[in-house]
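# Observations on the model geometry
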Amino acid sequence: MSILDNLNQRLTIDDGEICVGGENEIEKIINIAPIILPDDYIEFLKNVSGVGNWGIVFSVDETGNMIYIWDAKMALQKYEEFFRDSTKEFLECAWLIGDDVGDLVYFYGEGNDGKGLYRTSSGELSFTYAEKIADSLTEFLTEGKGIDIATTL
């Protein structure tokens, strides 16, 4: 069963769809990512990276909060967009995977609380201010662990 087949009851798909594809982009991500990316994330990418899709935007309960997990093309685009001298050190040990359709970004890395999925402000890309959301994308999107952390600062 995929993550998208088992979404936490607090989440609904607001925009985007299951759109299989993006093999070339996913392979590029695997090759340039500075860390080993979890299998559940790679599987998620395979299900949302088809032609014309940019990922999945989830709405959270009735809060109006959003969680946007990028497809492979968007993840590569954001990597290039954020990679500059001031963020180079951070991006050499983390991989950006999404945002809150605002100023928070989600990434995989190893922070103060070990390996896992974290969030920080897009203006402050560092582990210093990052807060751990969950150990995995599956834990986050199916079990709901860290949803409130992911959508608030």
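Here, every reference points to the structure presented above.
Bear in mind the structure is a predicted one, so any value in this text is a computation, not a measurement.

### What about the packing of aromatic side chains?
Under the definition given, this model contains nine aromatic pairs. For the pair Tyr79 and Phe83, a centre-to-centre distance of 5.4 Å together with 40° between the ring planes defines the contact as tilted. Judged by its relative accessible area of 18%, Tyr79 falls in the buried class. For Phe83, a relative accessible area of 31% gives the class partly exposed.

### Overview of the sheet that holds strand E2 (residues 55–60)
One open sheet holds the seven strands; their spatial order is E1-E2-E3-E4-E5-E6-E7, and the pairing between them is antiparallel. The strands lining the two open edges of the sheet, one partner per strand, are strand E1 (11–15) and strand E7 (131–134). Across the sheet, the mean angle separating the axes of adjacent strands is 40° when strand polarity is ignored. For E1 and E2, the ladder comprises four bridges, and the chain directions are antiparallel. In the strand pairing of E2, Asp15 is matched with Val57. Against the sheet, helix H3 (residues 72–82) makes contact with strand E3 (65–70), strand E4 (94–99) and strand E5 (104–111), and its axis sits at roughly 115° relative to E4, the strand it touches most.

### Observations regarding the environment of Lys88
Along the chain, the position of Lys88 falls in helix H4 (residues 88–91). Distance from Lys88 to Leu125, taken between C-alpha atoms, is 9.6 Å for residues 37 residues apart in sequence.

### As for the nonpolar core
Generally speaking, soluble globular proteins have nonpolar side chains that are buried together. Judged by nonpolar contacts, the single largest core of 49 residues is most densely connected at Tyr41, Phe44, Ile69, Trp95, Leu137 and Phe140. Among the elements that make up this core, the one with the highest residue count is H3 (six residues). What Phe140 contacts, discounting residues up to four positions off in sequence, is Ile67, Ile69, Leu117, Ile133, Ala134, Lys145, Gly146, Ile147 and Ala150.

### Focus: the environment of Asp113
Tracing the chain through its elements places Asp113 in the loop between E5 and strand E6 (114–121). Spatially, the C-alpha atom of Asp113 lies 9.9 Å from that of Ile133, the residues being 20 residues apart in sequence. When neighbours within four sequence positions are excluded, Asp113 is seen to be in contact with Tyr118 and Lys132.

### Notes on the pairing of E3
Burial analysis of E3 places five of its six residues in the buried class, the great majority of the element. The pairing of E2 with E3 spans six bridges and is antiparallel. For Phe58, the partnering residue across the bridge sits in E3 and is Ile67. Counted between consecutive antiparallel strands, the loop separating E2 from E3 contains four residues, among which Asp61 sits at a positive phi close to 45°. Relative to E4, E3 is paired through two bridges, and the arrangement is antiparallel. Of the residues in E4, the one forming a bridge with Ile69 is Gly98.

### Remarks on the packing of helix H1 (residues 23–32) against H3
With their axes 8 Å apart at the nearest point, H1 and H3 run at an angle of 40° to one another. One way to sum up the angle between H1 and H3 is to call them oblique. For the element pair H1 and H3, the recorded crossing hand is left-handed. Packed against H1, whose contacting residues are Glu25, Ile26, Lys28, Ile29 and Ile32, the element H3 presents Ala72, Lys73, Ala75, Leu76, Tyr79 and Glu80 at the interface. Grouping the amino acids of the contact of H1 with H3 by side-chain chemistry returns seven nonpolar, no polar and four charged.

Conventions and cut-offs
- Residues numbered from 1 in each chain as written.
- Predicted model: local features only at pLDDT ≥ 70, side-chain atom pairs only at ≥ 80, totals over all residues.
- Heavy atoms only, no water.
- Phe/Tyr/Trp six-rings, centres within 6.5 Å; stacked < 30°, edge-to-face > 60°.
- Buried < 20%, exposed > 50% of the residue type's maximum accessible area, 1.4 Å probe, protein only.
- Pairing = 2+ DSSP bridges.
- Helix = DSSP H or I, 4+ residues; strand = E, 2+ residues; numbered from the N terminus.
- Axes fitted to C-alpha atoms, helices over the stretch in contact; angles between N-to-C directions.
- Contact = heavy atoms within 4.5 Å.
- Core = buried A, V, L, I, M, F, W, Y, C linked by side-chain atoms within 4.5 Å.
- Parallel < 35°, antiparallel > 145°, perpendicular 65-115°, else oblique.
- Left-handed = near helix turned anticlockwise from the far one by under 90°.
- Nonpolar A, V, L, I, M, F, W, Y, C, P; charged D, E, K, R; others polar.

These figures come from the coordinates and say nothing about function on their own.
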